[in-house]
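# Observations on the three-dimensional arrangement
Below, each chain spelled out in residue letters.
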Amino acid sequence: PFGPGGPVDVIARLMAPDLSDALKASVFVENKPGAGGNIGNALVARADPDGYTVLCTSSTFVINPMLYANVPYDPVKDFLPVVDLAGSPTVFAVQPSLGVKTLAEFVDYAKKRKGQLSYAHSGFATPAHLAGEFFKVRAGIDLTAVPFGGGGPAVQSLMTGAVQMVSTALPGAHPHIVAGTLTGIGMTGEKRWFDLPQVPTIVEAGYPGFVVDTFTAMFLPAKTPQDIADRLTKECTAILRNPDMQARLRRVGFEASAGGPDALRARIARELPMWKEIIQQAKIAPP
């Protein structure tokens, strides 16, 4: 339900070839961005429950019902949980030409230019959006949020100079930070990313408890036969537990989860109160 280049698109395209081999069937990745993921989520909710249409989505799947007045799907009744794929921290990044190298320097820069700066994110109600708004509240700065249909387009807007900062799940910005074309100034994980030791966590930068990750997961339409769901769970978890796939995921900003339906339900139950608290503290209102 998001555009090319963002975390959901990246993991879907990494998984597709191995899943195709395992199922002995062609696996196509189709991008259906819009409305913070609601359009793509709803398309799968209404799809034929024959196992041929699968939803690969993110945390917005459970966040959207807390924010949108009308959500065109029910995250519990309309879907069958398949697998908890992977998690990824949100990263804040700027262009090197901005002359800012740390989160503290960016906050100082923003305070001196109140109301003049903007940041890009991957869409309303995405973890990147919520993290950006939460950061504004915690830092006491005024930034205009600019939504895009995925992490890839959001990062591209920073590359072109349309905004001064991007808040995105790590996969979208990872290659640019590694290459030095973008400067990572903070990351919302519990610890620094293994190949980006120069980017501190938001907690290290002086914001206790600021740990906000994006999870990616797979779902099927609710009435899909259980044996089809079980087969998909089995093949996906086997792929995700492969050390080579885990290494590939880490190189682009993911940590494999490889959790089955019960693990996915448990993650959703854990995260719901966290996102609810962030939404309340950041005073994010429905669009």
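Residues numbered from 1 in each chain as written. Predicted model: local features only at pLDDT ≥ 70, side-chain atom pairs only at ≥ 80, totals over all residues. Heavy atoms only, no water.

## Thoughts on the overall build of the chain
Looking only at helices and strands, the chain has 10 helices and 8 strands in total. Relative to the compact-globule value of 19 Å for 287 residues, the chain shows a C-alpha radius of gyration of 18 Å, a close match. A principal-axis box enclosing the C-alpha atoms of the chain has dimensions of 60 × 40 × 30 Å. The buried share of the chain, taken over its 287 residues, is 53%. Taking the contacts inside the chain whose residues are at least 6 apart along the sequence as the reference set, 76% of them involve residues at least 24 apart. Element-wise, carbon and sulfur atoms account for 54% of the exposed surface of the chain, whose accessible area totals about 12,400 Å². When the 26 positive and 25 negative side-chain charges of the chain are each reduced to one mean point, those points stand 5 Å apart. (Helix = DSSP H or I, 4+ residues; strand = E, 2+ residues; numbered from the N terminus. Rg over C-alpha atoms; globule rule 2.2 N^0.38 Å. Buried < 20%, exposed > 50% of the residue type's maximum accessible area, 1.4 Å probe, protein only. Contact = heavy atoms within 4.5 Å. Areas by Shrake-Rupley, 256 points an atom, 1.4 Å probe, with all protein chains shown as cover. Lys, Arg positive; Asp, Glu negative; His and termini not counted. Charge placed at Lys NZ, Arg CZ, Asp CG, Glu CD.)

## Here we look at the pairing of strand 5 (residues 165-169)
Burial runs high along strand 5: 5 of the 5 residues are buried. Relative to strand 5, strand 2 (residues 79-94) runs antiparallel, the two being bridged by 4 bridges. Counterpart to Ala93 in the pairing with strand 5 is Val166. Pairing analysis gives 2 bridges linking strand 3 (residues 117-121) to strand 5, with the strands arranged parallel. Bridging across to strand 5, Ala120 finds its partner in Val166. (Pairing = 2+ DSSP bridges.)

## Thoughts on the side chain of Asn38
Of note, Asn38 is situated in helix 2 (residues 38-45). Those residues within four positions of Asn38 in sequence are excluded, and the remaining contacts are Asn64, Tyr68, Val71, Pro72 and Tyr73.

## Some words on the packing of aromatic side chains
One pass over the full model with this rule turns up 11 aromatic pairs. Ring centres of Phe61 and Tyr73 lie 5.5 Å apart, and the angle between their planes is 20 degrees; this geometry places the pair in the stacked category. Placement of the pair is Phe61 in helix 3 (residues 60-67) and Tyr73 in the loop between helix 3 and strand 2, with a sequence separation of 12 residues. Plain terms: the ring middles of Phe61 and Phe219 are 4.2 Å apart, the flat faces sit at 25 degrees to each other, and that makes the pair stacked. With Phe61 in helix 3 and Phe219 in strand 7 (residues 213-221), this pair connects stretches of sequence that are 158 residues apart. On the basis of relative accessible area, Phe219 is assigned to the buried category, the value being 1%. The lysine or arginine in question, Arg113, covers the ring of Tyr109, its NZ or CZ lying 3.6 Å from the ring centre. The residue whose ring lies beneath Arg250 is Phe194, and the NZ or CZ to ring-centre distance is 4.3 Å. (Phe/Tyr/Trp six-rings, centres within 6.5 Å; stacked < 30°, edge-to-face > 60°. Lys NZ or Arg CZ within 6 Å of the ring centre and 35° of its normal.)

## Describing the nonpolar core
Generally speaking, a soluble globular protein has its nonpolar side chains buried in company with each other. In terms of nonpolar packing, the biggest core is built from 34 residues, with Phe92, Phe106, Phe135 and Phe210 touching the most fellow members. Sorting the residues of this core by element identifies helix 3, strand 2, helix 4 (103-111), strand 3, helix 5 (127-139) and helix 10 (261-282) as the ones contributing at least two each. Once residues lying within four places of it in the same chain are set aside, the contact partners of Phe135 are Phe92, Leu103, Phe106, Val107, Gly140, Ile141, Tyr207 and Phe210. Among the nonpolar cores identified, the runner-up in size contains 25 residues, and Leu14, Leu85, Met218 and Leu240 belong to it. (Core = buried A, V, L, I, M, F, W, Y, C linked by side-chain atoms within 4.5 Å.)

## Here's the deal with the environment of Asp213
Inspection of the secondary structure assignment puts Asp213 in strand 7. Along the backbone, Asp213 and Val54 are 159 residues apart, and their C-alpha atoms lie at a distance of 23 Å. Leave out the neighbours within four places in its chain, and Asp213 touches Ser59, Ser88, Pro89, Pro127, Thr188, Gly189 and Trp275.

## Observations regarding the packing of helix 5 against helix 10
Their axes nearest at 9 Å, the elements helix 5 and helix 10 cross at an angle of 45 degrees. Looking at the two axes, helix 5 sits oblique to helix 10. Seen from above, helix 5 lies across helix 10 with left-handed handedness. Of the residues in helix 10, those touching helix 5 at Pro127, Leu130, Glu133, Phe134 and Val137 are Trp275, Ile278, Ile279, Gln281 and Ala282. (Axes fitted to C-alpha atoms, helices over the stretch in contact; angles between N-to-C directions. Parallel < 35°, antiparallel > 145°, perpendicular 65-115°, else oblique. Left-handed = near helix turned anticlockwise from the far one by under 90°.)

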